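# Results of the structural survey
Read off the chains here:
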Amino acid sequence: MSIPKHPSYAGFMTARLVPVPAAFLRRLAPLLLLPLGACDWVVMSPSGDVAMQQRDLIVISTLLMLLIILPVMAMTIWFAWRYREKAQAKDYDPDWDHSTSLELLIWSAPLLIIIALGAITWTSTHLLDPYRPIERLDADRKVEPSAKRLQVEVVALDWKWLFIYPELGIATVNELAAPVDQPIEFKITSSTLMNSFFVPALAGQIYAMPGMQTVLHAVANKPGDFEGFSANYSGAGFSNMRFRFRAMDQAGFDRWVAQVRASNARLDRAAYVKLEQPSEKVPPMYFAGVEPKLFHAALNMCAQPGKRCMDEVMMTDMMGGAGKESARDTRGLRHDGTIDVGGYHPVEPGKKGEIAQPAGMTPAAERTPAAQGNEAPGQKDTDHSGHHGHEGM
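Structural notes, computed from the coordinates.

How each quantity is defined
Residues numbered from 1 in each chain as written. Predicted model: local features only at pLDDT ≥ 70, side-chain atom pairs only at ≥ 80, totals over all residues. Heavy atoms only, no water. Disulfide = S-S within 2.5 Å. Core = buried A, V, L, I, M, F, W, Y, C linked by side-chain atoms within 4.5 Å. Buried < 20%, exposed > 50% of the residue type's maximum accessible area, 1.4 Å probe, protein only. Helix = DSSP H or I, 4+ residues; strand = E, 2+ residues; numbered from the N terminus. Contact = heavy atoms within 4.5 Å.

## Overview of the state of the cysteines
Across all of its chains, the model carries one disulfide by this definition. Between Cys-302 and Cys-309 runs a disulfide, and the two sulfur atoms are separated by 2.0 Å. In this structure, the disulfide formed by Cys-302 and Cys-309 twists by about 75 degrees around the S-S bond and is classed as right-handed.

And the structure:
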């Protein structure tokens, strides 16, 4: 029995492609780009040299990978077209299974790309190490050995950012400023949850973790008003945990510092305890004065009255402990975000745009730190009758 070369039903199985008019494609092209209209390309067009070098690293890595991706995609289409059934290619060999030259090409090209990517990654990892002080202002200018670095201490709060300028004696909330072409050294920590400090126009992101300090060095090369935010989810107010970074010339920065100092507000430990309570959409706040070593207290989780600093506890542990008598010494060792050390009153989160009144302002917190720290959870409060409702917790 012979099978017809072209069955009678073959014509009914063939799909005919309708050509699409070129004019229609030209009208459709802008609509295809419409979803990109909401994209912010600040990562690809930053204002800081560190972010610029990171941008170059992204571009170089992408181009190197495209050296493999584009030929593979093109050859996939070419092979499918050349060896389609109707083409009847003369060099078609259904029994082909090996080619030494093709194997060398397939493996050597990706290997060279990987070697190049590895070399670039190795050098950039060290050159762009956030803990390493920057050595240049841009591609054409080096940092002078005598250049002064602007010190900024950053504390991630729920859900806002606190910036302390220790050398200037000022602090701000949700607003950061720096002169153009002056190296900046950020010391970063968190009061509660882990966050991520990120100003895309300035440098890459770096984590802010409670009880730990991370460091970021950067420089702004162009004046402008840029956005900074937390790039790590940290709870209900995460979406609004944003701040403004203002890069300006030295004269503009001096005016900004004078504006902050004109606020007459002071950030002491009592104000910090109130500030660190959960709140959302907090407008920029200025503090003309800052209590000395406040960042050290925030870093070591001992800003609240009666709390023992973590570095003090670790030093005691390193020296072999404080002896058997320390087994019941729990003074100030509770680091769970509770404000009132004596009474252990949890604080309701603040409403949007507000800062909650901390329990540290209650009568129980008006006692001396020593009296507060000597009390453990559940200890009966015999000195303040106003707190009998919390006895035996």
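## Regarding the nonpolar core
Counting residues in each nonpolar core, the largest one holds 42 residues, and the members touching the most others are Tyr-165, Phe-186, Phe-197, Phe-245 and Trp-256. Elements with a minimum of two residues in this core: β3 (150-157), β4 (160-165), β6 (175-179), β7 (184-190), β9 (206-208), β10 (214-218), β12 (242-248) and α4 (250-261). Leave out the neighbours within four places in its chain, and Phe-186 touches Val-152, Val-154, Leu-176, Phe-197, Leu-202, Thr-214, Val-215 and Leu-216. Ranked by size, the runner-up nonpolar core spans 20 residues in total, among them Leu-267, Val-282, Val-290 and Cys-309.

## A look at unusual backbone geometry
For the peptide bond that leads from Asp-158 to Trp-159, omega is -10 degrees, which places it in the cis range. Its location among the elements puts Trp-159 in the loop between β3 and β4. One non-glycine residue with positive phi stands out, namely Asn-264, at about 65 degrees. Backbone geometry places Met-301, a non-glycine residue, at a positive phi of 55 degrees. Here Met-301 falls in the partly exposed class, since its relative accessible area comes to 25%.

Note that all results are geometric; they support no functional claim without further evidence.
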